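Architecture and fold: a report
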Amino acid sequence: MADLQATLLGGEEMEVSFGPQHPATHGVLRLQLKVDGERIVNAKPIIGYLHRGTEKLFERETYPQCIPHTDRMDYTAAATNNQGFVGAVEKLMGITIPPRAAYIRMILAELQRLSSHIIWLATHALDIGAVTPFFYTFQEREKILDLFEEYCGARLTLNTMRIGGVPWDLPEGWTERCRRFVEELPKKIEDWERLLTNNRIWKARTVGVGVIDAEKAIAWGLTGPPLRGSGVQWDIRKVFPYDHYDEVEFDIPIGKNGDTYDRYLVRMEEMRQSVRIIRQCLDKLPDGPVMAWVPKVIRPPKGEVYFSVEGPKGELGYYIVSDGGVTPYRVRVRPPCFVNLQALPEMVKGHLVADVVAVIGTLDIVLGEIDR
Amino acid sequence: MSLWGFLASVIPLDLLTGLKTTGKHLFARKATVQYPEQRLEPADRFRGMFGYSLERCNVCRACEKACPIGIIHIESHWEEYEVEGKKRKRQVIDRYDIDVKRCMFCNLCAEACPTEAVWLTTKTYEAAAYERNHALYFDKEKLMRWDGVKPFPGVKTPAEGGLPYFSLGGEKEEEQ
Amino acid sequence: MSELLWTYVGIPLLKILVILLALVLLAAYLSWFERKLLAYMQIRLGPNRVGPRGWLQPIADALKLFVKEDLTPGFGEKFVFLLGPVLIIVPALLVFSVIPFGPSPNLFITDVNIGVLFVLAVSSIGVYGIILGGWASNNKFSLMGGLRSAAQLISYEVPMGFSVVTVLVMAESLSLVRIVEAQREAGVWFIFPGFVAFFIYFVCGIAETNRNPFDLPEAESELVAGYHTEYSGMKFAFYFLAEYANMVVVSSMATVMFLGGWLRPFPNVAALNFLDVVPPLGWFLLKVAFFLFVYIWFRGTFPRYRFDQLMGLGWKVLLPVSLVNLLVVAYFVALPRGQV
């Protein structure tokens, strides 16, 4: 259709450099758009503007020193990044963490998922033109950050997990405050949904935009909400349970059509499921130590390991090769955003310029993780 | 199209609920914190500026080794002294510098310290400076005096005997 | 001789000056009002540092824009780039020469007997400012913004025109003063018989002024800042001012045509005479303020339409509906007179 239009109207293709300094590219993503009028003929993501050599950096840091660097990859979800890395090292060393530590990790990871989804919702809505949800959602994110601050002292780059457990026990009254927060949150989510879910403009902008069917989604290696939005029930927490995710009940929401609207619904439902998980974790929270015995100098045995967690954006995997020394020989991160971003040209082709921002928003990319 | 579908498309109930929500918030309590006048108190574990206690430091250099980006610089020499007629040696610290402008506040130095001589729970977040190379480079005197970085009201400086708010394992430090 | 000079030059000039000043001030304070209101809807406080409760914020903004460096893009068309802001601000302010703020001749500059046509004609010139400004910036995003805006204005002009014709059929005059008088004689505001026309007019009005949810030309998340991406300093201020002035124009026109201008509610019901304590000008301003509030409320609530959806809405929904509405209204106007 687009081709036909181009030939009929004699349109000339224009190249637009979308980013890296652009309000809607969520960082420093650059898209080379070929447009015919407003219609996208081709889109080529150009990445690397935020490359910090994190993987190389891991090779000269000892294992515990790597953890703060993982914070800075997906800076909207530091806790799950930590969880992936320490999980990989623990798997390599064969350490079992105490149950209390595992539960604390799960609570932190789910809070982090909530916070990351909140950022996604805020920026996604902002990109599509609704300014107000941004402020309502960030109100709640602030409360999550306050909880993080009370627990570990940092708000964004948490550095909150250590090899063998978590560094601190929960402070006094934290569980009550956390419970109060998760009791209140579903009401707030309803409030946000009232602004968007049934809104005809929101629907017009998201339904049928950036469609990717299940087969293609798997072929592109999508994970996380973009995959589940296409109707594939795949969640690392369910299929390869880590920590104690097999002990809590939760559902995996899936979409039908694989469009932006379905992914929106999936994420909204995931937030409710996260609340459910946190509630169960708080109920089940066992007593005991929060740190397993680990040697003072961490020297994993020679070998390699792959361990992945379900980050807010998809499967976050760490592949570590150890030569038996104090530093990893090689670390390779499987970032969900990087893989998800690959599907962007496929998803925007034939759509309009305005849909590009909707699709960038729905993929929920973080450039810190893509470029590392 | 069914009658209901037609009515739903003509009467913009979906838009009206949105308007109602924002209208409701128009009269809600505002969340803004007027910063210079109102300040939020950081949590007890908040990782802000460094606290450093010279008396407790036994120059083990664990913090220096733990730091992922190597911003802690320690220099020391051995000194002989006499206790009850016996000669002993001890390490005396010459320099204890932290390049705070590069710090990422990961808390690994504080965790590595066996004597809790360095800690980050000073409830200070106003560490901005007009010039970073000098104003944010802290040697041991500056670390103890907190020159240029104001602690949160009510927090004692290390020189006044201020101590970390919590130590490893979550036990609260006893008040002295 | 001097009396003539006074009547035909002095007083009109004075009126023009007063209205112009009031309007510029109003537009500036509208930005304050918008920021404040939007902030309150978003549970924050908005500007409150400059002056008490932020009252001096617009002045500070204006001063800032005055002293800002005036940049012209290197490969842009310099003269056209300069022409853009002029072309957009002049029509926006010119329209106010025919808008009646009250019944007394002192409250409007002139009563042209083709007032409505004048407003429609003059306000359409503004699109040149946008499209030329966008083109002369030599920026692809600006160009797209300008083109979008041109397409949007042209397509929404049509249903807007038809909804205005509905009013003309009811009032049987093109003069804005006469339209208000007709509403007094009819004893009812035209919004009641012509609510469909009113709805279409207001939707088109929002689209004409490029406001949310139709603010595509300056869609920040897609086109950076749309047609005025490259503008800075006072040139930008003109675009900014024109947008707010246009909002006031659309609100005033809606007030005049549908909400009885300066009339109080139910102008012929004697029982409501106590409402006359508010002067006619007060009623007018109140109604305009209400529209402006709705404008900002919309901006605080809705996402943004996509370009093709916007055009679809204009041509496929609003245009047919406004045509049918015009026929129906015309039929009912003609029916009692036996003209059908």
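Please refer to the structure placed before this passage.
Overview of the structure. The structure presented is a predicted model; accordingly, all values stated were derived computationally and were not measured.

Basis of the calculations
Residues numbered from 1 in each chain as written. Chains lettered and ligands numbered in written order. Predicted model: local features only at pLDDT ≥ 70, side-chain atom pairs only at ≥ 80, totals over all residues. Heavy atoms only, no water. Helix = DSSP H or I, 4+ residues; strand = E, 2+ residues; numbered from the N terminus. Rg over C-alpha atoms; globule rule 2.2 N^0.38 Å. Buried < 20%, exposed > 50% of the residue type's maximum accessible area, 1.4 Å probe, protein only. Contact = heavy atoms within 4.5 Å. Areas by Shrake-Rupley, 256 points an atom, 1.4 Å probe, with all protein chains shown as cover. Lys, Arg positive; Asp, Glu negative; His and termini not counted. Charge placed at Lys NZ, Arg CZ, Asp CG, Glu CD. Pairing = 2+ DSSP bridges. Axes fitted to C-alpha atoms, helices over the stretch in contact; angles between N-to-C directions. Parallel < 35°, antiparallel > 145°, perpendicular 65-115°, else oblique. Left-handed = near helix turned anticlockwise from the far one by under 90°. Nonpolar A, V, L, I, M, F, W, Y, C, P; charged D, E, K, R; others polar. Buried area = accessible area lost by both parts, 1.4 Å probe. Salt bridge = Lys/Arg side-chain N within 4 Å of Asp/Glu carboxyl O. Polar contact = N/O pair within 3.5 Å; in protein donor to acceptor, adjacent residues only side chain to side chain.

**Section: the overall build of chain C**
A tally of regular secondary structure across chain C gives eleven helices and zero strands. A globule of 340 residues ought to have a C-alpha radius of gyration of about 20 Å, and chain C, at 21 Å, matches this closely. With respect to the principal axes defined by its C-alpha atoms, chain C has extents near 65 × 55 × 50 Å. Counting only residues that meet the buried cut, chain C has 53% of its 340 residues in that class. Considering only contacts in chain C between residues 6 or more positions apart, those separated by 24 or more positions represent 76%. Surface exposure of chain C reaches about 14900 Å², of which carbon and sulfur atoms provide 74%. Of the side-chain charges in chain C, 22 are positive and 20 negative, and the distance between the mean point of each set is 7 Å.

**Considering the side chain of S142(C)**
Summarising the element assignment, S142(C) is placed in helix α5 (residues 140–171). Not counting chain neighbours up to four residues away, the residues in contact with S142(C) comprise G134(C), S137(C), G226(C), Y227(C), T229(C) and E230(C).

**A short note on the sheet that holds strand β5 (residues 314–322) of chain A**
Residues and elements named next belong to chain A. The three strands are arranged β4-β5-β6 in an open sheet whose pairing can be described as antiparallel. Where the open sheet ends on each side, the last strands, each with one partner, are β4 (303–311) and β6 (330–334). In this sheet, neighbouring strand axes are inclined to one another by 15 degrees on average, regardless of whether the strands run parallel or antiparallel. Looking at chain direction, β5 and β6 are connected through five bridges and run antiparallel. Its bridge partner lying in β6, I320 is registered against V331. Running over the sheet, helix α4 (residues 78–93) touches β4 and β5 and is turned about 150 degrees from β4.

**A few points about the packing of helix α1 (residues 2–41) of chain C against helix α2 (residues 57–67) of chain C**
All names here are of chain C. Where α1 meets α2, the axes come as close as 8 Å, and the angle between the chain directions of the two elements is 120 degrees. By the criterion of interaxial angle, the relationship of α1 to α2 is oblique. Judged by the sense of rotation from one axis to the other, the crossing of α1 with α2 is right-handed. Along the contact surface, α1 presents A28, Y29, W32 and R35, while α2 presents Q57, P58, I59 and D61. Of the residues that constitute the contact of α1 with α2, the class distribution is five nonpolar, one polar and two charged.

**A closer look at the interface of chain B and chain A**
At the junction of the two partners, chain B supplies 32 residues and chain A supplies 32 residues. Counting each side, the surface lost to burial between chain B and chain A is near 2500 Å², with a carbon and sulfur contribution of 51%. Summed over the shared surface of chain B and chain A, the result is two salt bridges. Between R162(A) and E111(B) there is a salt bridge, with the nearest N and O atoms lying 2.5 Å from each other. Joining chain B to chain A, the criterion identifies 15 residue pairs in polar contact (both at pLDDT 80 or more). Within the residue set of the side of chain B that touches chain A, elements represented by two or more residues are α1 (3–10), α2 (13–26), α3 (62–66) and α4 (108–112) of chain B. Take the side of chain B that touches chain A: its biggest share by element is eight residues, from α2(B).

**Overview of the interface of chain B and chain C**
Contacts between chain B and chain C engage 16 residues on the former and 14 residues on the latter. Together chain B and chain C conceal approximately 1300 Å² of surface at their shared face, both sides included; 69% is due to carbon and sulfur atoms. For the chain B face of the interface with chain C, the top three residues by lost area are L19(B), L26(B) and K30(B), together amounting to 42%. Here chain B is connected to chain C by seven residue pairs in polar contact (both at pLDDT 80 or more). By residue class, the composition of the side of chain B that touches chain C is seven nonpolar, six polar and three charged.

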